[in-house]
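Read off the chains here:
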Amino acid sequence: VGLGDVVRTQFMIPNKMDKEYVFGILINSVANLIASTLLILLLNDDIEIYGAIIGTLLAELVGMIYQMVLCRKCISLKHLLKTFCISFLIGAIMFGVLKGIFYNFEITLPILFIVIGVGGVIFIGLTCVYLYFFEINDSHLYSPCVKNYV
């Protein structure tokens, strides 16, 4: 789930920003159509599928930027980016540990379930350690226009 989806469903819809929400979806769709078409046509036959992938990612980025601009007075981008960076770091540590432990294993269904379980324990554990030592309080993420709902 992307940040744009979170902003749409957790902020725009509850705050009755339906018109902006629909326009954001329209921007995503048009950007995806244009970017994917151009990239598919520009890339050679062997890798044209990547044009569609990159076009979709670009469209999501355009839509997210549009929504963040609309909601900039009520949602702190600085704090959202900080939270994203911390989650990314925890995910990178989890990935490194899993890659180190399971590097030589042949991936079978039981091993896959073990990897998922170990990864979940690592991610949840590191997140709990972070929350315990840094005492995260989400109320600073919202401006006064949202605190009535939180």
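Residues numbered from 1 in each chain as written. Predicted model: local features only at pLDDT ≥ 70, side-chain atom pairs only at ≥ 80, totals over all residues. Heavy atoms only, no water.

Turning next to the overall build of the chain. Tallying secondary structure elements over the chain gives 6 helices and 0 strands in all. Traced from its N-terminal end to its C-terminal end, the chain shows the element sequence α-α-α-α-α-α. Sorting the 150 residues of the chain into buried and exposed places 23% on the buried side. When contacts within the chain are restricted to residue pairs at least 6 apart in sequence, those whose partners lie at least 24 apart make up 61%. On the chain, roughly 10900 Å² of surface is accessible, and the fraction owed to carbon and sulfur atoms is 72%. (Helix = DSSP H or I, 4+ residues; strand = E, 2+ residues; numbered from the N terminus. Buried < 20%, exposed > 50% of the residue type's maximum accessible area, 1.4 Å probe, protein only. Contact = heavy atoms within 4.5 Å. Areas by Shrake-Rupley, 256 points an atom, 1.4 Å probe, with all protein chains shown as cover.)

Together, I47, I49, Y50, I53, I54, L57, L58, L61, I65 and V69 make up an exposed nonpolar region whose accessible area comes to about 910 Å². The topology assignment puts L57 in helix α3 (residues 48-70). (Patch = residues over 30% accessible without salt bridge, like charges linked within 9 Å, V, L, I, M, F, W, Y side chains within 5 Å. Salt bridge = Lys/Arg side-chain N within 4 Å of Asp/Glu carboxyl O.)

Residue pairs three or four apart in sequence face the same way in an α-helix, which turns once every 3.6 residues. An ideal rise of 1.5 Å per residue puts 38 Å on 26 residues; helix α5 (residues 109-134) measures up with 37 Å between its terminal C-alpha atoms. Buried within α5 we find I111, V115, G119, I122 and Y130. Tucked into the core, α5 has its buried residues touching α4 (77-101). (Expected span 1.5 Å × (residues − 1).)

By the secondary structure assignment, R8 is in helix α1 (residues 3-12). R8 gets classed as buried once you look at its relative accessible area, which sits at 6%. Discounting residues that sit within four places of it in the chain, R8 has contacts with I13, P14, Y21, I25, N28, E60 and Q67.

Membership of the largest hydrophobic core is limited to 8 residues, which are V7, F11, M12, M17, M68, C71, C74 and I75. Looking at which element gives the most residues to this core, the answer is α1, with 3 residues. Grouped together as the second largest cluster of nonpolar side chains are 5 residues, F102, I111, V115 and I122 included. (Core = buried A, V, L, I, M, F, W, Y, C linked by side-chain atoms within 4.5 Å.)

Tracing the backbone shows F11 in helix α1. Along the chain, F11 and C71 lie 60 residues apart, while their C-alpha atoms are 8.3 Å from each other.

This part takes up the side chain of S36. Along the polypeptide, S36 turns up in helix α2 (residues 18-42). Those residues in contact with S36 that lie beyond four places of it in its chain are A31, G51, A52, G55 and T56.

For the rest of this paragraph, the subject is the packing of α2 against α3. Look at α2 against α3: their axes get within 7 Å of each other, and the N-to-C directions meet at 155°. In terms of orientation, α2 lies roughly antiparallel with respect to α3. Like other packed secondary-structure pairs, α2 and α3 cross with a definite hand, here right-handed. Among the residues making up the contact of α2 with α3, the classes are represented as 13 nonpolar, 8 polar and 3 charged. (Axes fitted to C-alpha atoms, helices over the stretch in contact; angles between N-to-C directions. Parallel < 35°, antiparallel > 145°, perpendicular 65-115°, else oblique. Left-handed = near helix turned anticlockwise from the far one by under 90°. Nonpolar A, V, L, I, M, F, W, Y, C, P; charged D, E, K, R; others polar.)

The next point concerns unusual backbone geometry. A positive phi angle, near 55°, is found at K16, a position not held by glycine. Relative to the helices and strands, K16 is located in the loop between α1 and α2.

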